[in-house]
Amino acid sequence: MSTLREHPEEGERYRAALDLSRYPEDGVVNCLVERLTREPSRAVQEAIISSLIAIGTETVAARCAELLRSRDAYVRNAAVEVLQVLEDKSLGTVRRLLDDEDPDVRILAVNVLGELRCKEAVELLRQVVASDPEINVVAAVEFLGEMGLRREDRETIRAAVERFADPYLTFAAETALKKMRAT
Amino acid sequence: MRLEDFIKLRDYVYRKSGVWFGEKKLYYVEKRVEARMRATGHDDFRTYFAWMRFDTSGREFQELMNALTVNETYFFREYHQRKCFAEEVIPEISVGQNSSAPRRVRVWSAGCSTGEEAYTLAIILQEMTAGLPDGPVHWEVHATDINTEVLERAREGTYGPREVPEEYLNKYFRRSGDDFEVVPELRRQVRFYHLNLLDRDGMRSMRDFDAIFCRNVLIYFDDASRREAALYFYDALRPGGFIFLGHLESMSRIAPIFKLRRFRDAIIYQK
């Protein structure tokens with residue numbers, strides 16, 4: 001961990017970051033996450049992300065959830081990617097994020113849900129489309145177009161279009177509904 | 001296959017793998033998807049897609065990708081990329097070296113299969129480095145694969161007459177019964193060995209390469225593994241080294257640490 005934090009050579013920090021994937025302890029996760037936000041080398045940051053994914057614990061999910069509030073877009077997107085790959089390990093964390101008062105955090109949580117492969121993700125997306133007060137439901141509509149299979153999903157999308165008089169949402173909903181038509 | 005179904009599948013495949021199919025490929029995709037539907041017992045696209053989409057093992061997605069991106073390997077495949085390597089990348093790699101030390105070019109064919117790509121690279125290197133004005137360039141090709149059977153075939157270096165490019169036939173091959181065998185002088189400079197691209201220790205031993213060719217291999221990996229392999233490749237390259245992917249692949253979507261270099265004949269990623 002000290003090599004990752006302190007070594008002056010990028011190559012050494014890079015390899016240290018990859019090596020830490022073998023140690024799934026919370027202290028290592030905290031070190032990786034903390035370094036992700038400060039590391040000047042993009043390559044080392046990518047190595048850190050790879051290790052967080054490999055460790056893949058609920059602590060990783062919880063720490064990445066905190067990173068969704070970062071001012072750094074790269075860090076936010078990295079956190080989304082890690083949460084997406086963690087699949088069901090991140091579901092509990094993401095469920096809580098859908099109630100966050102910050103709409104930007106809710107948008108990112110929806111982006112995570114849209115990549116998950118569990119059926120519960122579809123149910124949560126449906127709830128977002130049905131009840132979220134912000135236009136960020138648009139993102140959920142797109143994912144529901146791919147993942148939604150039930151008539152209720154189509155009805156939920158149509159109801160969202162009526163709730164918001166927004167041309168982009170209408171367009172996104174039409175695309176989603178086309179994808180959902182039964183074949 | 002309805003256009004809406006094609007778009008739904010196409011968008012999903014692109015998001016997961018970076019492989020893009022234009023609408024002209026609808027028939028191509030349709031045939032392969034229908035084959036997967038038959039193989040998995042699904043009567044309609046909707047249920048097949050849902051089943052594949054929510055499959056937590058990821059196996060069916062991989063099978064689908066295998067079907068959609070059937071790969072043939074043959075000599076001098078993807079001509080424009082080879083041309084770029086020969087006429088633009090090799091000169092840049094050779095010229096950039098410290099002039100006081102012997103010049104050396106190291107190339108890696110990752111996922112070399114039966115060896116056609118590795119021997120193609122060897123021919124190109126031999127052709128392009130012979131007779132250079134600033135003195136000789138020592139080159140070597142390392143070719144790895146996870147499949148030991150194809151490696152055996154690659155080491156033999158024997159190919160059917162229709163597989164071998166005519167302009168190099170007399171120079172780099174000799175007849176072996178009905179087939180043609182790569183000449184020993186060329187084979188000696190190509191090393192074939194077993195390597196799993198996700199084996200940390202094995203990948204760490206790959207160092208100081210000027211160019212890596214890993215075409216149509218990473219698309220078969222899941223997201224996490226693809227990123228891991230890309231990071232190993234990054235570490236294996238010298239600063240300024242190049243990585244060549246398949247023409248449908250994008251490294252930017254895997255790990256945004258390589259820069260895009262636009263050459264006359266191709267766009268390549270560089271460390």
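Further up the page is the structure itself.
This is a predicted model, so every value here is computed, not measured.

Caption draft 1: Quick look at the interface of chain B and chain A. On the chain A side, the residues contacting the 35 residues of chain B number 35 residues. Counting each side, the surface lost to burial between chain B and chain A is near 3,100 Å², with a carbon and sulfur contribution of 48%. The largest per-residue losses of area from chain B upon contact with chain A belong to R46, F54 and R227 of chain B, which jointly make up 23% of the total buried on that side. Counting across the interface, chain B meets chain A through eight salt bridges. A salt bridge links D235 of chain B to R15 of chain A, with the shortest nitrogen-to-oxygen separation between them at 3.0 Å. Across the chain B-chain A interface, the total number found is 13 residue pairs in polar contact (both at pLDDT 80 or more). For the side of chain B that touches chain A, the secondary structure elements donating two or more residues are helix 1 (3-17), helix 3 (45-53), helix 10 (200-204) and helix 11 (223-236) of chain B. For the side of chain B that touches chain A, the per-class residue count stands at 14 nonpolar, two polar and 19 charged.

Caption draft 2: Region of the structure containing the packing of aromatic side chains. Residue and element names in this part refer to chain B. The final tally for this structure, using the stated rule, is 17 aromatic pairs over all chains. Judged by centre distance (5.7 Å) and plane angle (85 degrees), the ring pair of Y12 and F61 falls under edge-to-face. Of this pair, Y12 sits in helix 1 while F61 sits in helix 4 (residues 59-68), placing them 49 residues apart in sequence. Centre to centre, the rings of Y48 and W51 are 6.5 Å apart; their planes meet at 45 degrees, and the pair counts as tilted. With Y48 and W51 both in helix 3, this residue pair falls three residues apart, about one helical turn. When its relative accessible area of 40% is taken as the criterion, W51 is described as partly exposed.

Caption draft 3: Highlighting the pattern of salt bridges. Applying the stated criterion to the full structure yields 41 salt bridges over all chains. For R38 of chain A, the salt bridge is made with E34 of chain A, and the minimal N-O distance between the two is 2.4 Å. Linking R38 of chain A with E34 of chain A, this pair stays in helix 3 (residues 26-38), spanning four residues, or about one helical turn. A residue is classified by how much of its surface remains accessible, and R38 of chain A, at 58% relative accessible area, is exposed. Its salt-bridge partner being D5 of chain B, residue R2 of chain B comes within 3.4 Å of it at the nearest N-O pair. Given the relative accessible area of 4%, D5 of chain B is considered buried. Taken together, the shared-partner salt bridges connect E12 and R15 of chain A together with R207 and D235 of chain B into one network.

Caption draft 4: Representation of the nonpolar core. Residues and elements named next belong to chain B. Formed by 98 residues in total, the largest nonpolar core has its most connected members in W108, I212 and F233. Non-local contacts of I212, meaning those with residues more than four positions away in its chain, are made with W108, A110, F233, A236, L237, F242, I243 and F244. C84, A86, L169 and F192 belong to the second-largest nonpolar core, a separate cluster that totals 43 residues.

So, how was this worked out
Residues numbered from 1 in each chain as written. Chains lettered and ligands numbered in written order. Predicted model: local features only at pLDDT ≥ 70, side-chain atom pairs only at ≥ 80, totals over all residues. Heavy atoms only, no water. Contact = heavy atoms within 4.5 Å. Buried area = accessible area lost by both parts, 1.4 Å probe. Salt bridge = Lys/Arg side-chain N within 4 Å of Asp/Glu carboxyl O. Polar contact = N/O pair within 3.5 Å; in protein donor to acceptor, adjacent residues only side chain to side chain. Helix = DSSP H or I, 4+ residues; strand = E, 2+ residues; numbered from the N terminus. Nonpolar A, V, L, I, M, F, W, Y, C, P; charged D, E, K, R; others polar. Phe/Tyr/Trp six-rings, centres within 6.5 Å; stacked < 30°, edge-to-face > 60°. Buried < 20%, exposed > 50% of the residue type's maximum accessible area, 1.4 Å probe, protein only. Core = buried A, V, L, I, M, F, W, Y, C linked by side-chain atoms within 4.5 Å.

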